[in-house]
Amino acid sequence: MSKKYSARELLLPGALAALCALGVFTDLAGASSQEIRSLFGSVHGAAYVVAKVLCSLPSRDEALVTVLFAALLFAPLRAVHGVSDSSARRAGGRAAWVVAALFAAAMLFGRSFDEVGSSAYVTGGVAEALRSAIFFLGWLVLAHAGICLLFSWLDRVRGSVAAARGSVAPARGSVAPAADAQSTPAPSSRRGICARILAALDRHPFAVPVAVLAAAWLPVLIGYAPALFMWDTNTQILQWFGLPNHISESVALIDPAVLLTQHHPPLHTAMVGLCVQAGMALFGNENAGIFLYALLQWALDIAAIAWALRLLALMGVRSRVRLVVLAFIALVPAFSNYSVIVTKDVSFAAVLLVFAMELAYLVWRARACAGRSDGQQGEPAGEMPAPASSPARAAASCPPPFALPPHHVTLLLLSALGTALLRSGMLVTVALACLVALVLVRRQPGARRYPAVALMVAVLVSLALSNVVYPALGISPSSKREVLSIPFQQVARFMRDHPGSVSAEEFRTVDAVLDANELAAIYTPSKSDPVKATFREDATPEDLARFMRLWAQWFAEEPGCFLEALAENYYGYFYAGRAMGWIYTPASSAEVMASTKIDWFSSGIAPYFDFAPAANPVSRVLSGACEGYRLLFQSIPFTTLTMQAALYDWVLALATAYAATRRVRPLAPVLAAAWVVLAVALVGPCNATTYFRYAYPVALLVPFMCALLFTRSNKEAIDA
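What counts, and where the lines are drawn
Residues numbered from 1 in each chain as written. Predicted model: local features only at pLDDT ≥ 70, side-chain atom pairs only at ≥ 80, totals over all residues. Heavy atoms only, no water. Helix = DSSP H or I, 4+ residues; strand = E, 2+ residues; numbered from the N terminus. Buried < 20%, exposed > 50% of the residue type's maximum accessible area, 1.4 Å probe, protein only. Contact = heavy atoms within 4.5 Å. Areas by Shrake-Rupley, 256 points an atom, 1.4 Å probe, with all protein chains shown as cover. Salt bridge = Lys/Arg side-chain N within 4 Å of Asp/Glu carboxyl O. Polar contact = N/O pair within 3.5 Å; in protein donor to acceptor, adjacent residues only side chain to side chain. Axes fitted to C-alpha atoms, helices over the stretch in contact; angles between N-to-C directions. Parallel < 35°, antiparallel > 145°, perpendicular 65-115°, else oblique. Left-handed = near helix turned anticlockwise from the far one by under 90°. Phe/Tyr/Trp six-rings, centres within 6.5 Å; stacked < 30°, edge-to-face > 60°. Expected span 1.5 Å × (residues − 1). Bend = angle between axes of the 7 residues up to and from the residue. Core = buried A, V, L, I, M, F, W, Y, C linked by side-chain atoms within 4.5 Å. Nonpolar A, V, L, I, M, F, W, Y, C, P; charged D, E, K, R; others polar. Patch = residues over 30% accessible without salt bridge, like charges linked within 9 Å, V, L, I, M, F, W, Y side chains within 5 Å.

Participant: Outline the overall build of the protein chain, listing residues and values.
Facilitator: On a plain count of helices and strands, the protein chain comes out with 31 helices and zero strands. Across the 720 residues of the protein chain, 50% fall into the buried class. For the protein chain, restricting intrachain contacts to residue pairs at least 6 apart in sequence, the fraction spanning at least 24 positions comes to 80%. About 30,600 Å² of surface is accessible on the protein chain, with carbon and sulfur atoms providing 67% of the total.

Participant: Before we move on, can you summarise the pattern of salt bridges with the specific residues and values?
Facilitator: Within the structure shown, the criterion is met by 23 salt bridges. Arg662 is the salt-bridge partner of Asp155, the closest N and O atoms lying 2.7 Å from each other. A residue pair is termed long-range when its members are at least 10 positions apart, and Asp155 in helix 7 (residues 126–166) and Arg662 in helix 29 (residues 645–662) qualify at 507 residues. Accessibility expressed as a relative area gives 28% for Asp155, which makes it partly exposed. According to the relative accessible area criterion, Arg662 is partly exposed, its value standing at 22%. Residues joined in a network through salt bridges with shared partners are Asp232, Lys344, Asp345, Arg423 and Arg693.

Participant: Run through the environment of Phe348, naming residues and quoting values.
Facilitator: Here Phe348 lies in helix 16 (residues 344–373). Its relative accessible area of 0% is what places Phe348 among the buried residues. Between the C-alpha atoms of Phe348 and Ser415, which are 67 residues apart in sequence, the distance is 9.3 Å. Beyond its immediate sequence surroundings of up to four residues, Phe348 is in contact with Thr419, Leu422, Arg423, Met426, Val677 and Pro697.

Participant: Any details on the side chain of Thr534? Residues and values, ideally.
Facilitator: Its place among the elements puts Thr534 in the loop between helix 24 (529–532) and helix 25 (541–557). For Thr534, a relative accessible area of 16% translates into the label buried. One polar contact links the side chain of Thr534 to the main-chain amide nitrogen of Asp515, over a distance of 3.4 Å. Excluding its chain neighbours within four sequence positions, the residues that come into contact with Thr534 are Val513, Leu514, Asp515, Leu519 and Ile522.

Participant: Talk me through the packing of helix 29 against helix 31 (residues 696–708); I want residue IDs and the actual numbers.
Facilitator: For the pair helix 29 and helix 31, interaxial distance at closest approach is 9 Å and the crossing angle is 40°. By the criterion of interaxial angle, the relationship of helix 29 to helix 31 is oblique. For the pair helix 29 and helix 31, the crossing hand works out as left-handed. Between helix 29 and helix 31, the residues in contact are Tyr648, Asp649, Val651 and Leu652 and Val698, Ala699, Val702, Met705 and Cys706, respectively.

Participant: Run through the packing of aromatic side chains, naming residues and quoting values.
Facilitator: All chains considered together, the criterion is met by 34 aromatic pairs. Consider the rings of Phe494 and Phe562, whose centres lie 6.0 Å apart with planes at 65°: the pair is edge-to-face. Here Phe562 lies in helix 26 (residues 559–570) and Phe494 lies in helix 21 (residues 485–497), a separation of 68 residues in the sequence. Taking the relative accessible area as the measure of exposure, Phe562 reaches 0% and is therefore buried.

Participant: Lay out helix 31 in plain terms, naming residues and giving numbers.
Facilitator: Note: α-helices contain 3.6 residues per turn, so residues at a spacing of three or four share the same orientation. With 13 residues, helix 31 should reach 18 Å at 1.5 Å per residue; the first-to-last C-alpha distance of 19 Å fits that figure. Along helix 31, the helix axis deviates most sharply at Val702, where the bend reaches about 30°; the proline Pro703 sits within four residues downstream. With respect to burial, helix 31 is a largely interior element, 12 of its 13 residues being buried. All of the buried residues along helix 31 are Tyr696, Pro697, Val698, Ala699, Leu700, Leu701, Val702, Pro703, Phe704, Met705, Ala707 and Leu708.

Participant: Talk me through the nonpolar core; I want residue IDs and the actual numbers.
Facilitator: Of all hydrophobic cores here, the largest spans 146 residues; its most connected members are Met357 and Phe704. Among the elements that take part in this core, helix 16 stands out by supplying 19 residues, more than any other. Among the nonpolar cores identified, the runner-up in size contains 22 residues, and Phe494, Val502, Phe535 and Cys561 belong to it.

Participant: Can you break down unusual backbone geometry residue by residue, with the values?
Facilitator: Here the residue pair Ala225 and Pro226 is connected by a cis peptide bond, since its omega of 0° sits within 30 degrees of zero. Along the chain, the position of Pro226 falls in the loop between helix 9 (207–223) and helix 10 (231–240). Its identity is not glycine, yet Arg663 carries a phi of approximately 55°, on the positive side. Relative to the assigned elements, Arg663 resides in the loop between helix 29 and helix 30 (668–681). Taking relative accessible area as the criterion, Arg663 reaches 61% and is therefore assigned exposed.

Participant: Residues and numbers for helix 26, please.
Facilitator: The first and last C-alpha atoms of helix 26 sit 17 Å apart over 12 residues, in line with the 16 Å expected at 1.5 Å per residue. Of all the residues in helix 26, the buried ones are Cys561, Phe562, Glu564, Ala565, Glu568, Asn569 and Tyr570. Residues of helix 26 that are buried in the fold lie against helix 5 (87–116), helix 21, helix 25 and helix 30.

Participant: Give a description of the side chain of Asn569 that names residues and reports values.
Facilitator: Tracing the backbone through its elements, the reader meets Asn569 in helix 26. Assessed through its relative accessible area of 1%, Asn569 is described here as buried. From its side chain, Asn569 meets the backbone oxygen of Pro685 in a polar contact 3.4 Å long. Those residues in contact with Asn569 that sit more than four places away from it in its chain are Gln489, Pro525, Ser526, Lys527, Ser528, Pro685, Cys686 and Asn687.

Participant: Provide a residue-level description of the environment of Ala672, including the pertinent values.
Facilitator: Checked against the element boundaries, Ala672 lands in helix 30. By relative accessible area, which is 10% here, Ala672 ends up buried. Apart from residues no more than four positions distant in its own chain, Ala672 is found in contact with Leu432, Ala433 and Val436.

Participant: Tell me about the packing of helix 5 against helix 29, residues and numbers included.
Facilitator: Where helix 5 meets helix 29, the axes come as close as 10 Å, and the angle between the chain directions of the two elements is 160°. It follows that helix 5 is roughly antiparallel to helix 29 by the angle criterion. Every pair of crossing elements has a handedness; the one defined by helix 5 and helix 29 is right-handed. Together, Ala91, Ala95, Val99, Leu102, Phe103 and Ala106 of helix 5 and Trp650, Leu654, Ala657, Thr661 and Arg662 of helix 29 make up the contact between the two elements. Tallied by class, the residues present in the contact of helix 5 with helix 29 amount to nine nonpolar, one polar and one charged.

Participant: I'd like to hear about a nonpolar patch on the surface, residue by residue, with values.
Facilitator: A surface patch of nonpolar side chains, amounting to about 380 Å² of accessible area, comprises Leu39, Phe40, Val50 and Leu54. Of all elements in the fold, only helix 2 (33–40) and helix 3 (45–56) reach the threshold of two or more residues within the nonpolar patch. Given the relative accessible area of 38%, Phe40 is considered partly exposed.

The structure is reproduced here in structure tokens:
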């Protein structure tokens, strides 16, 4: 007998499904006046507004797709809104509405900036506001339902895992079995290729990922040999060898004879330069040296990912979850391609991953030990509890001192140092992540010393280098312009859009800091580098103070202009737009290697070195195959999202909302580190539609964030 549904179970989900379908397929660009007249004749006033909105809704040609989409949404929306006390809606809670509203706003404004370079789709008039509201509401309802169902599914999965594992309690003091040991058959009884892979991943949680990644990424290492260059690569090599470059020419040098600056992290510049020197000394060939660097970075990247996967295993994450993480990283070309790009972002991301995961493991282990010492673990199997007054019970009530294994301590300290030194301004990442970990382990005295020492070492070494070592070596600090991207870009847009509003005195105020004559012409909405390049290094603190006062005045006069400048510079971090490109390719690398000129943006390296792509047949074939694979990934509607920053930033937001509402504490240091990296990117020079590399460290952390949601209960025995 078929089930009968109430009016609520049918009408409300049906109406919401229709709203979602109409909103998602609404054309924000709308129809032209001529098209409106041809359909509705001569209409004016409110009738014209209604006609514009109607012309924005799905057309007759799109009707079938719209209806099918609404039909597909009916069942999910009924699960969330069809009953008054929906478990899925409870799972989402208020957090689902907050994240969904932010996502819908990003879709709305992102579409506008991606297509017309302004908020005109939203603020262009009454009709624009109405169709924007339909678009926003459609995405809001869709995102809210998706988040509720996702959170509900995660609750069920995590609950079933906890129940399965809780059915078998290991003896006090025993070593916990493998992650799947309590819920799956022994490895010897498994059948099938996937089962054998899972068994191998359980037996060798570090070696198997190393082997898989090395095999999957070897074509990139050989095909893109000696390495993929970007413009910063040239600058770093030239600075290391003391040769002319545009960065050294644009800053006030401490010692004119020393061209090395802190614009790029000196540690990374030294790594690249020393490898090039080694290649020239050992093989008489700079290409051999840069291939040595690419090989070392490739190996570091693989080792860091494999170690993070091993830490997941120690925290009890199932092998099938770890296999999904491994497969994702191995198959998505963004990760393999970046492993051989000569840029600080890759090595930084590798050490950041180890640092964040070591902190997560510290938090998990400390809480696991606290749970065991509180007597929450249970008695040894087959034994009766000891009397409360017995010596055994007294000894058991005294928790053993917490101690992190030495190799974990070493990796935590080294990765904290690497995070602070391999990318400018990232000491704050170490500080926030360590402070979060300190708060979470505050009740475990023995555990507090590890994040405290890691933070202290990173701070002391960073201060010593920047205040003592670098000045003594004549290594000049980076320009003040690097922290002023946002106000510079906003002032440039104001001067482009409102030239008649700038008085002669205001023009002189701007010109004392930037080249006011050029700003309107060189302003590039998605990149502040052209504007920053006009910064006058001889500008005094008084000049900068007057400039910032003028910036505040103009902001108050034209806030819309300033907010649009901000949005167009960064919307790609939250919207997967059509403007997304892939900058670092073999063709662009060859162009960088062959460059000869020095301008505001780049430094030619060809007059001094003979870098060139590998010309052997094997490399050419593999390079073409890797490029074809990347292009295929970017062409498929869903896989293309894996090559865009917006996917990873929204997963970060979802993981944060879920972890905060469920108190998944081991995830907190990883989230803190990721948010700092994203925040720094959002005050940097470029949109994610231009450069993915600023979001790459977050992208590398995201798969591990998701896996950390499935850590073993803190009440179970920890892995030795």
